[in-house]
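Per-entry structural report
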Amino acid sequence: MAKNKKRADGRYSCQVYLGKGPDGKRKYKTFYGSTLREARAAADDFRSAVSKGMDPEQAEATLGTLYDNLIAAKKAKGIGQKSLDRYEDNKNHWGPLLNRPAASLRSADFQQVDAPASELRAADFQKVLNNLADWHDGKPPLSHFTLTNLRGSAKAAYDLAIPEIVMYNPLVKTITPAGAAPEPRDPLTEEQQRWIRETPHAAQRAAMLLLYSGLRRSEATALTWADIDLDDATITVNKGYDFRAKKVKITKTPAGVRVVSIPKVLVDYLRTQQDGCFYVLHNHKGQQMTEQGWKRLWESYMRDLNVKYGYDGQQNKNRPGGLPMRIDAFTPHQLRHTFCTLMYFAGVDVMTARDQMGHKDISVTLGIYTALDKKFKKKKINRLDTYLKKSCTQSG
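Structural notes, computed from the coordinates.

Calculation notes
- Sequence positions are assigned chain by chain, starting from 1 and proceeding in written order.
- In view of the model being predicted, local features appear only for residues whose pLDDT reaches at least 70, and side-chain atom pairs are presented and counted only at 80 or more, with totals across whole chains, interfaces and linings using the full set of residues.
- In computing side-chain properties, one takes all heavy atoms of the structure into account and sets aside hydrogens as well as water.
- Secondary structure follows DSSP: runs of H or I at least 4 residues long count as helices, runs of E at least 2 residues long count as strands, and numbering of each begins at the N terminus.
- Using a 1.4 Å probe, the Shrake-Rupley method yields the accessible areas, and only the shown protein chains count as cover for residues.
- Working definition: a ring pair exists when centres of Phe, Tyr or Trp rings (six-membered ring for Trp) sit within 6.5 Å. Plane angles under 30 degrees give stacked, over 60 give edge-to-face, the rest tilted.
- Three exposure classes are used, based on accessible area relative to the maximum for each residue type with a 1.4 Å probe and protein chains only: buried under 20%, partly exposed in between, and exposed over 50%.
- Only Lys NZ and Arg CZ are tested; either one counts as a charge over a ring when it is within 6 Å of the ring centre and within 35 degrees of the ring normal.
- A pair of strands is considered paired only if DSSP assigns at least 2 bridges between the two.
- By definition here, a salt bridge exists when the distance from a side-chain nitrogen of Lys or Arg to a carboxyl oxygen of Asp or Glu is within 4 Å.
- It only takes one pair of heavy atoms within 4.5 Å for two residues to be counted as in contact.
- What is meant by a nonpolar core is a set of buried Ala, Val, Leu, Ile, Met, Phe, Trp, Tyr and Cys residues, joined one to another through side-chain atoms within 4.5 Å.
- An axis is simply a line fitted to the C-alpha atoms; with a helix, the fit covers only the stretch in contact. Between two such axes, the angle follows the N-to-C directions and lies from 0 to 180 degrees.
- Comment on the angle field: the value is read as roughly parallel under 35 degrees, roughly antiparallel over 145, roughly perpendicular from 65 to 115, and oblique elsewhere.
- Here the term charged refers only to Asp, Glu, Lys and Arg, the term nonpolar to Ala, Val, Leu, Ile, Met, Phe, Trp, Tyr, Cys and Pro, and the term polar to all other amino acids, Gly among them.

**Brief notes about the overall build of the protein**
Secondary structure assignment for the protein yields 14 helices and eight strands. Counting only carbon and sulfur atoms, one obtains 52% of the accessible surface of the protein, whose full area is about 23200 Å².

**Details of the packing of aromatic side chains**
Enumeration according to the criterion identifies eleven aromatic pairs in this entry. Centroid distance Phe278 to Tyr279: 5.0 Å. Interplanar angle 80°. Geometry classified as edge-to-face. For Phe278, a relative accessible area of 55% gives the class exposed. Ring centres 5.3 Å apart and planes at 75° place the aromatic pair Trp298 and Tyr301 in the edge-to-face group. Residue Trp298 and its partner Tyr301 are both found in helix α11 (residues 291-310); the two are separated by three residues, about one turn of the helix. The pair formed by Trp298 and Tyr301 is uniform in burial state, with each residue classed as buried. Sitting over the ring of Tyr17, Arg26 keeps its end group 4.4 Å from the ring centre.

**Describing the sheet that holds strand β5 (residues 234-237)**
Taken in spatial order, the three strands make up an open sheet running β4-β5-β8, and their pairing is antiparallel. Of all the strands in the sheet, the pair left with one neighbour each is β4 (228-229) and β8 (258-261).

**Overview of the pattern of salt bridges**
Within the structure shown, the criterion is met by 13 salt bridges. Put simply, Arg194 and Glu191 hold a salt bridge, and the shortest N to O gap is 4.0 Å. Residue Arg194 and its partner Glu191 are both found in helix α7 (residues 190-198); the two are separated by three residues, about one turn of the helix. Salt-bridge contacts for Arg216 lead to Glu219; the nearest nitrogen and oxygen are separated by 2.7 Å. When salt bridges with common partners are traced through the structure, they connect Asp68, Glu88 and Lys91 into a single cluster.

**Side note on the environment of Ala202**
Its location among the elements puts Ala202 in the loop between α7 and α8 (204-213). With 82 residues separating them in the primary sequence, Ala202 and His284 have C-alpha atoms 9.9 Å apart.

**Describing the environment of Asn306**
For Asn306, the position within the fold is in helix α11. The spacing of Asn306 and Met325 is 19 residues in sequence and 6.2 Å in space, taken between C-alpha atoms. Residues within four places of Asn306 in sequence aside, it is in contact with Tyr311, Leu323, Pro324, Met325, Arg326 and Ile327.

**Comments concerning the environment of Val259**
Looking at the element boundaries, Val259 is found in strand β8. Residues Val259 and Gly358, 99 residues apart in the sequence, show an inter-C-alpha distance of 9.2 Å. Among all residues touching Val259, those that are not within four sequence positions of it are Thr234, Ile235, Thr236 and Gln356.

**Re the nonpolar core**
Formed by 40 residues in total, the largest nonpolar core has its most connected members in Ile196, Trp298, Tyr301, Phe330 and Leu335. Sorting the residues of this core by element identifies α7, α8, α9 (217-222), β5, α10 (264-271) and α11 as the ones contributing at least two each. The leading source of residues in this core is α8, at seven residues. Leaving out residues up to four positions away in the same chain, Ile196 has contacts with Leu188, Gln204, Ala207, Met208, Leu211, Tyr301, Phe330 and Leu335. Counting residues in each nonpolar core, the second largest holds 29 residues, with Ala115, Phe125, Val128 and Leu150 among its members.

**Considering the packing of helix α2 (residues 63-76) against helix α3 (residues 81-93)**
Contact pair α2 / α3: the axes reach a minimum separation of 10 Å and the direction vectors enclose 170°. In terms of axis orientation, α2 runs roughly antiparallel to α3. On α3, the residues that touch Gly64, Tyr67, Asp68, Leu70, Ile71, Lys74 and Lys75 of α2 are Leu84, Tyr87, Glu88, Asn90 and Lys91. Of the residues contributing to the contact of α2 with α3, the split by class is five nonpolar, two polar and five charged.

**So, the pairing of strand β6 (residues 239-242)**
As defined by bridge partners, β6 adjoins strand β7 (residues 247-250) across four bridges and the pair is classed as antiparallel. Among the inter-strand pairings, Asp242 is bridged to a residue of β7, identified as Lys247.

**Things to note about the pairing of strand β2 (residues 12-20)**
Regular strands place side chains that alternate from one sheet face to the opposite one. Direction of pairing for β2 relative to strand β3 (residues 26-33): antiparallel, over a ladder of eight bridges. The partner of Tyr17 across the bridge, within β3, is Tyr28. Where β2 hands over to β3, the hairpin turn is made up of five residues, of which Gly24 adopts a positive phi near 85°.

**So, α8**
With ten of ten residues buried, α8 is to be regarded as a mostly interior element. Turning to α8, its buried residues number three or more, namely Gln204, Arg205, Ala206, Ala207, Met208, Leu209, Leu210, Leu211, Tyr212 and Ser213. The positive-phi residue at the C-terminal boundary of α8 is Gly214, with phi of around 75°.

Following this line, the structure appears as C-alpha cells:
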C-alpha cells in the first residue's frame, strides 16, 4: 500500500512498501515531488521498474556501485590489471556525481547521502564532461580520447545495471566534448632514424619495418613473408592482429586494405632478415608478438639505445635503480608518423600518402601535411628569397 502526505517543507511524498527486511521491520521507499501527482508518478515508475526486473534491494545503488560491478565483471573476463586500473580512474573522474546528495534528501533536516544511480540524469553527466573538457579548479582539460573513454565506461556501467538497478542509460543522451587538443607526435629526427638503421637489436626488424612502411603495429604483427614482394618493393596489407582477442582479424576499415610501396633501404634490409619463420615479426618461439611481448621488446630496445647513444656505451643498462634516460625515447606509433613525414619531404602528394598510410579519412593525412606545412613554410619562403636574390643579382 502506498502512502502519501504533504511535508512541512511544502513537498509531497509518496511511499511504496518494499516488504520486510532481515530484522522483520517493514521497509518503504519514499518518493518526493512538488505536487502530489509528481510524487505519485515517481512511485508508479518505480513499481513499473520492479515489475520489469528491478531489484528493490538495489534501488539505492550509487554510480560507484555500478562501476564496482563493471570492474568485477571485467575482472571475471580476465582483462589485465592495467585496464582494471583505468576503469577505477574513470570512476574517480565522476567525483561530483559519486558524492552528490540524493534528490530526496537535499534539505537541511536530512543527513546527506550519495545519490542513487537511478536519480542521475544525462544533464548531470554532461556537466561533468564539459567541466573536464576545460580548465576547471586549476586542472588542465582532458583530451577528447580520454573523455570518450570516460563516457564509454560510464555507459557500460549503466548497460550492465539494466534492468536490475536502473531502467535506462542517461549516457546515451550525452555528447563527448572536444577536450584538449591532442599532444602532437613529433617525427623522429634524422639522428634517431640513423640509430634504427645502424643498431642491431631484436627490435630492429620491427623498427625498420614500421619506419619505412608506415604500417600500424597490429598490421606489422600479422604480416607474413608471403605478404612481401621484395622484387616489386611492395607490402600487401589485408589483416591486423587483435591483441586483446589474440587472433588475426580483417583490417579496421576497407581503406586499411592496400599495397604499400617501400623504399630500397627497407627492401635491402629485409633481404637479410628472412629466417624461415612464417611471420615477419615473431617471438623466440616463432609465434606472433603479444602486447606484453611488444612492451618488453621495446623497453629493451630503448635501454640499449640509451646506453649506446646517451652514455657512449660506457654504462650498464641493468645497473641497480635503472639508468636515467638521456636520449629522446620514441614509440612504435611515432615510426608510422615519421613515415608519413618522410613522404611529405619527398614530395609525395597527399592522396598517394593517404593510400600508403591506409587512412580512412583523407583529413587525417591532410592534418599531418598541413601541420608540416605550417612548421616548414618559413624555410620554403627563405628558399624563395634566396632564389629571387640570385635572380635579381644575375639580371642586374
